[in-house]
Each structure stands twice: as C-alpha cells, then as structure tokens.
Amino acid sequence: MPHTALPPAGSDATPRPSPDPRPAVLLLHGLCANPLEMMPLARSLREVGYVVEAPALDGYGVAPPAAAGMAPDVRIHRAERASRAVPPFEDWVRLAAAHFDALAARHGRVAVGGLSMGAVLTLALALERPAAALMLLSTSLHFDGWNVSPWRRLLPLAYVPPLRQWLSFRETPPYGIKNERLREWVAQAMNANQVSAAGADRLPAASLHQASRLIRHVRRRMHEIDAPAVVLHASEDDVSGPRSVLELQRRLGTTPEVHWFHHSYHMLTLDNERGAVTQAARQFLLRQVPVAAPAERFSSPFPSLTSTEDLRHEHHA
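Per chain, the residues get numbers from 1 upward, laid out in the order the sequence is written. Where local features are concerned, this predicted model is filtered to residues with pLDDT of at least 70; where side-chain atom pairs are given and counted, the filter is 80 or more; whole-chain, interface and lining totals use all residues. Excluding hydrogens and water, the side-chain values take into account all heavy atoms of the structure.

Quick word on the overall build of the protein chain
Move 1: The number of helices and strands found in the protein chain is nine helices and eleven strands.
Move 2: Working definition: with a 1.4 Å probe on protein chains only, accessible area under 20% of the residue-type maximum means buried, over 50% means exposed, and in between means partly exposed. Considering the protein chain as a whole, with its 317 residues, one finds that 50% of them fall into the buried category.
Move 3: When checking whether two residues touch, look at their non-hydrogen atoms; a contact exists if any pair is within 4.5 Å. Within the protein chain, residue pairs in contact and separated by at least 24 positions form 79% of the contacts whose partners lie at least 6 positions apart.
Move 4: The accessible surface values rely on the Shrake-Rupley method and a 1.4 Å probe; as for residues, cover is taken only from the protein chains in view. With an accessible surface of roughly 15,600 Å², the protein chain has 56% of that area assigned to carbon and sulfur atoms. Secondary structure counts use DSSP, requiring at least four H or I residues in a row for a helix and at least two E residues in a row for a strand, with both numbered from the N terminus.

Following this line, the structure appears as structure tokens:
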C-alpha cells in the first residue's frame, strides 16, 4: 500500500527559528479604541530591549483615524461601525490569548499591559495565561469618574435587547485628556473621522454591555491573579475614580505597586504625564522581567515633551 515517507527523526522540512531570548510585552488598548493610544509606552519599552506587540482586536476596538493620503474606502464610518455585531467578551479574551500564545512561543516570558478597559482585559487574560507581569493603567472596574453622567446608573436599561443593538453614547469633553492642545486635536479628529488616537466618538451600548460582563467576570476571580502588577492611575481620572485602584489593592492575589499621577486625566499614555507614566511602567518591568542586557541609557522617547514637564508623581509600594 503506497504511503508518504516521513522525514528522518530529528529532521524537519521547515526548521523552527531559534527562540528569541528577549522578553515580550503585549499591550491591550481600551474599548472602542485603537493601538495608537499605546504607542508612547510601546516605544519606551522597545528602547530598552523588549519585543512589544500592540494589536488591534477585531470586535473590541476600532480602526485608527485614516492617515493622510489613505484610500477613502479604508475609512471607518459611524454607520458601518454601528452595523457590526459586537462579539461576547469571551471572544475578546480569546483574541488576546492568541496574541499571547504567539509571543510566548517565540519569547517564553510575556508581560501584559492595558489601558482603561484594556487593563480589565489584561486581568482576564492573566486568569487564562501565565503572564510574567501586569501593567494596569487607568483600570476601569468602576465608571465613577467626575465626568461620568449621574444617569450612568440607568445604563443597564440600554442593555436590554434589542435596544443595545442600536443605541450608542457620544463621548464628551474632555475625552480623558487634561492637556488642552491635545484635547483640541482629539476633538478635531473625532469630528472628521469619528475616531481619534483617544478612541471612537461613540460607544455602542452593545460594547458597554459586554464590557460590564467582562468586569463582573474579572471581579469574581480577581483573587486568583498572583502575577506581579503595577497600577498607574490619575487622581483626577474623569472616567474611573480611585475606587478601582482600592479594589485592585484589596482583591488582587498579590499586593500591586501603585503610582498616582496628579496632572492628567484618564488617558495616561497620551496626557501631560505620559513621560512619567511610561518611565514608571518601564522601571517596574525592568525589575520584574529584566532584559538580557538592560540598557542603562534612558533617553526620552518623547521629543515633544517640554523641559518643564514634572516627572514626579506619587508612588506606593
């Protein structure tokens, strides 16, 4: 009976590449946002030797604003976004896990970080995969910031089908940004493209419904997470107040390192103290998941920062 000959033992028709000794970092953007908001942190970590991936997660985020000269059919319009079904949060976790597994296969050690709902997704991923360390920025376990409408408590009414399939909520100033010039640029991008580096101009009720399910899932099992973690949060966070940080400190399986920033709002990676934020995250990671040959030169990856930016902030071990 004819058969296909197997290659000799020890041989492989497609040799596998040698493992990369550098540790990897997976960065997860916020809900209805895009990887642009993670780029300052990604650049800073790459400078000291980490391999960094900040993927766009389909069904969870939105496409970034179209670059100048990009074909018109690449633009994502509000009507097109609204017509897309929002997958269950379990699919978001599976997508993140697939990126984690691909990095782990090549690098072994993988740290994970996220911003806003991306921090909650980071915690959900840590329940499924052995993350080497966690970076939790502006974690949104509660929507209780000073700019959240008091009508927020009625939001579960919008989760009832079929309402959640067509309702959406417009983002309002300050868009998580204290820096006035950057806030103006974000507003212009939202008006022109319905999306900016700070996210989409509207949040579908269906996305918020899945986010609420994700939060409940994480809160139920948070005590199981024992990876070393750093929490970075703005004292004036307009979306999620200090209660989210207090819950992380009280319920995580290990006591997190906490940094407070007093001159920014929710979008820590883009706002006034982005240099101090990335510095704190990078130093934490270098301690927990050191690179093979740590770079001692910490040249700033933020040429646009002014010399007057205050890199000081409040740190609690």
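What about helix α8 (residues 242–251)?
Move 1: When α8 is considered as a whole, its buried residues turn out to be Ser244, Val245, Glu247 and Leu248. When α8 is viewed along its axis, its buried side chains cluster within an angular range of 160° and face the same direction.
Move 2: Lining the buried residues of α8 we find α4 (117–126), β4 (134–137), α7 (205–221), β9 (229–234) and β10 (257–261). Note: the arc covers the axis-to-C-beta directions of the helix.

Here we look at helix α1 (residues 39–47)
Move 1: The complete set of buried residues in α1 reads Pro40, Leu41, Ala42, Ser44 and Leu45.
Move 2: Among the structural elements, β1 (24–28), β2 (51–53), β4 and α9 (274–288) are those in contact with the buried residues of α1.
Move 3: Count one or two residues on from α1 and you reach Gly49, which has phi positive near 110°.

Here's the deal with the packing of aromatic side chains
Move 1: The criterion for an aromatic pair is that two Phe, Tyr or Trp rings (for Trp, the six-membered ring) have centres within 6.5 Å, with stacked assigned to planes under 30 degrees apart, edge-to-face to planes over 60 apart and tilted to the rest. A full pass over the atoms with the stated rule returns two aromatic pairs.
Move 2: Ring centres of Trp146 and Tyr265 lie 5.2 Å apart, and the angle between their planes is 70°; this geometry places the pair in the edge-to-face category. Taken together, the positions of Trp146 in the loop between β4 and α5 (163–166) and Tyr265 in the loop between β10 and α9 put the pair 119 residues apart, joining distant regions of the chain.

Here's the deal with unusual backbone geometry
The general pattern is negative phi for most residues beyond glycine and trans for most peptide bonds.
Move 1: Despite not being glycine, Cys32 shows a phi value in the positive range, around 55°.
Move 2: Within the secondary structure layout, Cys32 lies in the loop between β1 and α1.
Move 3: A positive phi angle, close to 50°, is found at Ser138, a residue other than glycine.
Move 4: Mapping Ser138 onto the fold places it in the loop between β4 and α5.

A few points about the packing of helix α3 (residues 89–107) against α7
Move 1: Packing of α3 against α7 leaves a shortest axis separation of 9 Å and a crossing angle of 70°. One way to sum up the angle between α3 and α7 is to call them roughly perpendicular. For the pair α3 and α7, contact is made by Phe89, Glu90, Trp92 and Val93 and by Ser207, Gln210, Ala211, Arg213, Leu214 and His217, respectively.
Move 2: Considering only residue class, the contact of α3 with α7 consists of five nonpolar, three polar and two charged. To define axes, lines are fitted to C-alpha atoms, for helices over the stretch in contact only, and angles between the resulting N-to-C directions are given on a 0 to 180 degree scale. By the definition adopted for this analysis, an angle is roughly parallel if under 35 degrees, roughly antiparallel if over 145, roughly perpendicular if from 65 to 115, and oblique otherwise. Polar here means any residue other than Ala, Val, Leu, Ile, Met, Phe, Trp, Tyr, Cys and Pro, which are nonpolar, and Asp, Glu, Lys and Arg, which are charged; Gly is therefore polar.

Some thoughts on the nonpolar core
Move 1: Note on terminology: a nonpolar core comprises buried Ala, Val, Leu, Ile, Met, Phe, Trp, Tyr and Cys residues joined through side-chain atoms within 4.5 Å. Counting 46 residues, the largest nonpolar core has Leu134, Leu136 and Leu214 as the members making the most contacts within it.
Move 2: For this core, the leading source of residues is α4, giving eight residues.
Move 3: Residues within four places of Leu136 in sequence aside, it is in contact with Gly114, Ala119, Thr122, Leu123, Ala229, Val230, Val231, Leu232, Leu248 and Leu252.
Move 4: Judged by nonpolar contacts, the second largest core, of 37 residues, contains Ala111, Leu182, Ala187 and Phe284.

Treat this as a map of the structure, not an account of what it does.
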